[in-house]
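One-letter residues, chain by chain:
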Amino acid sequence: MNNRYDFDPYSRLNRFPFTFFPFNLLRKLIILVRTLYKISMSHVKRSVRMQLMLTFGICLLAASLSYGICSNLFGEMRRQAVIDYKYGIERIDSEARSLVNELSSIQNQRAPSVNFDNHVAWMNDQKFKVLVTDLDGKVVYRSQNAAETNVEIHNVIGNAMNARTDQDYGRKEFSSFYPVNYMGQKSYLIVSGIPEPHITYRKGESPLSLLSAVAVFILLFYFMTQKKMRHVEELAGGLRIIATGNLDYRVIERSQDELGSLARDLNFMAEDLQKRIEEERRNERLKRELITNVSHDLRTPLTLIMGYLRLLHDKGYETPEQAAGYVSIAYNKSEKLKLLIDDLFEYTKLSNRDVPLYKEGVAINELLDQLLEEFVTPAEEQQLTIHRTIPKEELLVRIDVDKMIRVFENLLGNALKYSLKPGAITVSLRHDYRYVTLQVSNQSELLSDDALHQLFDRFYRVEASRSSNTGGSGLGLAIAKSIVESHEGSIWAEQSGGQIHFFVKLKLI
């Protein structure tokens, strides 16, 4: 048995979408409007032009509202009384339409009805003339106060049209013109008369309305663009500060539009100039260090050579064997001096890109295998083992073989010289579809980050105690870096797990 507490769940589910359909539609519409608003505002925030257009539109709308309000206010204050004939024209036209309705109701009769005659007589008393003409303008019916027998239809139509469009219609006769069916024939009904005047009030015009609109537009535009102009002035001031040499100054990025982009560019320019100046100062410092180191490294062997030659010249030796020892020492020092000068000369030419490169396609894995064979014996003499991981497939690179061999010899020579002994040197070669990377790793003392970054600087030695006698000329890694960079490659050093790793990356053919 059904009662009022029974319900059908399916019927409620069916009614549910129809019940909440308007709310879902309204919610989707609100979401759509909010999404469009966010998209449009994001475009406005990123464009100064859009912001100016929006500001101009808001100011124009506010100026229009101000003009409308001021026109009504000043118009009421300066209104003037004028004679209006529109009401009289409308009355004549209304009476003509009444006659048209009368004729429409009696169009099957041979003569006008009594109501029509009475209406015409009443209009005669109101000093309105009533004429019915045929299509040629011949009068077939007229009121008692009308004497016309023929009417120019063209003039009547012109009078009727002008009166409806003329805003300053004066006191003159008005004719209302309608086509009718009179006594079974197509005719024209013409009702003429002088419109009755009425006094109306017309709002006056004042230049204050236009002036107020212009003032609202200018003031609103000024205040709405004031923030943006302050931002422009701030950018100009920041540029002047940066131009004075204060490269630490940064302008504030206050927007996402072109002015914000300009602020970012100014900050980037200041940062780049600061880096360039610091780099120039660093290069100047390195130049001074270069001169100092060159002077020191050249003076030391040269002083020894001159000392031993003076001993030989002054015969400051006791035996011929001692003199031969002096000659041998002087010769070794002169060779070292020549090596230092050659390294300095080559580094200078490589840094200035004055050395021509004779590049050719070479299998770098085969070249490295041959080179490592030459280092096996010297490594064993220093209690070092060389482990190599070199793929068998041919890896072609376009290099100057002699120059690149010098890079590899320098890296392997440093590994032999500075490895902890006994120990091992690991040489590996890996590649992807565009580049091949050589890695030389050896156990070494832990270096500071500054020392690791300065390994490729000219005349840099990790330990101050390493002179040219123990640490080489200090130009080996700097020359290696110049050679690799002239091949459009890269060289760098890393350290981890008590080992230092040198990497050389070259482009495959």
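Structure's up top.
Figured I'd write up the structure that's included with this text. What you are looking at is a predicted structure, and each value in this text was computed from that prediction instead of being measured.

## Let's talk about the layout of surface pockets
Any empty space left between atoms is shown by rolling a water-sized probe over those atoms.
Turning to step 1, where the next piece is worked out: Space inside the second largest pocket adds up to approximately 550 Å³.
Turning to step 2, where the next piece is worked out: Along its surface, the second largest pocket is lined by 22 residues, and Gln51, Met224, Lys227, Lys228 and Asp257 are the ones closest to its centre.
Turning to step 3, where the next piece is worked out: Every element with two or more residues in the lining of the second largest pocket is listed here: helix H1 (9-45), helix H2 (48-77) and helix H6 (207-243).
Turning to step 4, where the next piece is worked out: Per-element tally for the lining of the second largest pocket: the top contributor is H6, with 8 residues.
Turning to step 5, where the next piece is worked out: Residue composition of the lining of the second largest pocket, by class: 9 nonpolar, 6 polar and 7 charged.

## Focus on the sheet that holds strand S2 (residues 129-133)
Turning to step 1, where the next piece is worked out: Pairing is antiparallel in the open sheet, where 4 strands are placed in the order S3-S2-S5-S4. Two strands lie at the open edges of the sheet, namely strand S3 (139-142) and strand S4 (174-182), each paired on one side alone. Mean inter-strand twist for the sheet, computed between neighbouring axes without regard to direction, equals 25 degrees.
Turning to step 2, where the next piece is worked out: Of the strands in this sheet, S2, S4 and strand S5 (185-193) are in contact with helix H3 (residues 86-105), which crosses S4 at around 10 degrees.

## Section: the pattern of salt bridges
Turning to step 1, where the next piece is worked out: Evaluated as defined, the whole model comprises 10 salt bridges.
Turning to step 2, where the next piece is worked out: Here Glu148 ties to Lys129 by a salt bridge, and the two come within 2.8 Å at their closest N and O atoms. Of this pair, Glu148 sits in the loop between S3 and helix H5 (153-165) while Lys129 sits in strand S2, placing them 19 residues apart in sequence.
Turning to step 3, where the next piece is worked out: With a relative accessible area of 27%, Glu148 lands in the partly exposed category.
Turning to step 4, where the next piece is worked out: Classification of Lys129 by relative accessible area gives buried; the value is 18%.
Turning to step 5, where the next piece is worked out: Taken together, the shared-partner salt bridges in this structure form one network comprising Asp369, Glu373 and Arg388.

## Some thoughts on the environment of Ala323
Turning to step 1, where the next piece is worked out: Relative to the elements of secondary structure, Ala323 occurs in helix H8 (residues 320-351).
Turning to step 2, where the next piece is worked out: Judged by relative accessible area, Ala323 falls into the buried class, the value being 12%.
Turning to step 3, where the next piece is worked out: A C-alpha to C-alpha distance of 8.5 Å links Ala323 and Leu311, two positions 12 residues apart in sequence.
Turning to step 4, where the next piece is worked out: Sequence-distant contacts of Ala323, defined by excluding residues within four places in its chain, comprise Leu312 and Tyr317.

## Quick word on the packing of helix H9 (residues 364-381) against helix H10 (residues 401-418)
Turning to step 1, where the next piece is worked out: At a minimum axis separation of 11 Å, H9 and H10 run at an interaxial angle of 35 degrees. Two packed elements cross with a definite hand, and for H9 against H10 that hand is right-handed. Together, Ile364, Leu367, Leu368, Leu371, Leu372, Phe375, Pro378 and Ala379 of H9 and Val401, Ile405, Phe408, Glu409, Leu412, Gly413 and Leu416 of H10 make up the contact between the two elements.

## Quick look at the packing of aromatic side chains
Turning to step 1, where the next piece is worked out: What the rule picks out here adds up to 8 aromatic pairs.
Turning to step 2, where the next piece is worked out: Plain terms: the ring middles of Phe217 and Phe221 are 6.1 Å apart, the flat faces sit at 10 degrees to each other, and that makes the pair stacked. In this pair, Phe217 and Phe221 are both assigned in helix H6, 4 residues apart and thus about one turn of the helix distant.
Turning to step 3, where the next piece is worked out: On the basis of an interplanar angle of 80 degrees and a centroid distance of 5.4 Å, the ring pair of Tyr222 and Phe223 is categorised as edge-to-face.
Turning to step 4, where the next piece is worked out: Overall, Tyr222 belongs to the partly exposed group, its relative accessible area being 48%.
Turning to step 5, where the next piece is worked out: Over the ring of Tyr435 we find Lys505, and its NZ or CZ is 4.7 Å from the ring centre.

## Notes on the environment of Glu494
Turning to step 1, where the next piece is worked out: Here Glu494 lies in strand S12 (residues 490-496).
Turning to step 2, where the next piece is worked out: Taking relative accessible area as the criterion, Glu494 reaches 38% and is therefore assigned partly exposed.
Turning to step 3, where the next piece is worked out: Sequence separation of Glu494 and Leu447 is 47 residues, and the distance between their C-alpha atoms is 9.8 Å.
Turning to step 4, where the next piece is worked out: Once you skip the residues sitting within four places of it in the chain, Glu494 turns out to touch Leu452, Gln499, Ile500, His501 and Phe503.
Turning to step 5, where the next piece is worked out: For Glu494, the side chain forms a polar contact with the side chain of Trp492, separated by 3.1 Å.

## Re the sheet that holds strand S8 (residues 384-389)
Turning to step 1, where the next piece is worked out: Read across the sheet, 5 strands follow the order S8-S10-S11-S13-S12 without closing on themselves; strand pairing throughout is mixed. Lying at the two open borders of the sheet, with one neighbouring strand each, are S8 and S12. Shown here is a sheet whose adjacent strand axes are inclined to one another by a mean of 15 degrees, direction ignored.
Turning to step 2, where the next piece is worked out: One ladder, built from 7 bridges, connects strand S10 (residues 423-431) with strand S11 (residues 435-443); its direction is antiparallel. The residue of S11 that forms the bridge with Ser428 is Gln439.

## Quick look at a nonpolar patch on the surface
Turning to step 1, where the next piece is worked out: Taken together, Leu26, Leu29, Ile30, Leu32, Val33, Leu36 and Ile39 make up a surface patch of nonpolar side chains, about 650 Å² in accessible area.
Turning to step 2, where the next piece is worked out: Along the chain, Leu32 turns up in helix H1.
Turning to step 3, where the next piece is worked out: By relative accessible area, which is 46% here, Leu32 ends up partly exposed.

Cut-off values and rules
- Residues numbered from 1 in each chain as written.
- Predicted model: local features only at pLDDT ≥ 70, side-chain atom pairs only at ≥ 80, totals over all residues.
- Heavy atoms only, no water.
- 1 Å grid on protein atoms, 1.4 Å probe; cavity = no way out; pocket = protein on both sides within 12 Å on 5 of 7 lines; lining within 4 Å.
- Points joined across faces, edges and corners; volume = space filled by probe spheres on them.
- Helix = DSSP H or I, 4+ residues; strand = E, 2+ residues; numbered from the N terminus.
- Nonpolar A, V, L, I, M, F, W, Y, C, P; charged D, E, K, R; others polar.
- Pairing = 2+ DSSP bridges.
- Axes fitted to C-alpha atoms, helices over the stretch in contact; angles between N-to-C directions.
- Contact = heavy atoms within 4.5 Å.
- Salt bridge = Lys/Arg side-chain N within 4 Å of Asp/Glu carboxyl O.
- Buried < 20%, exposed > 50% of the residue type's maximum accessible area, 1.4 Å probe, protein only.
- Left-handed = near helix turned anticlockwise from the far one by under 90°.
- Phe/Tyr/Trp six-rings, centres within 6.5 Å; stacked < 30°, edge-to-face > 60°.
- Lys NZ or Arg CZ within 6 Å of the ring centre and 35° of its normal.
- Polar contact = N/O pair within 3.5 Å; in protein donor to acceptor, adjacent residues only side chain to side chain.
- Patch = residues over 30% accessible without salt bridge, like charges linked within 9 Å, V, L, I, M, F, W, Y side chains within 5 Å.
- Areas by Shrake-Rupley, 256 points an atom, 1.4 Å probe, with all protein chains shown as cover.

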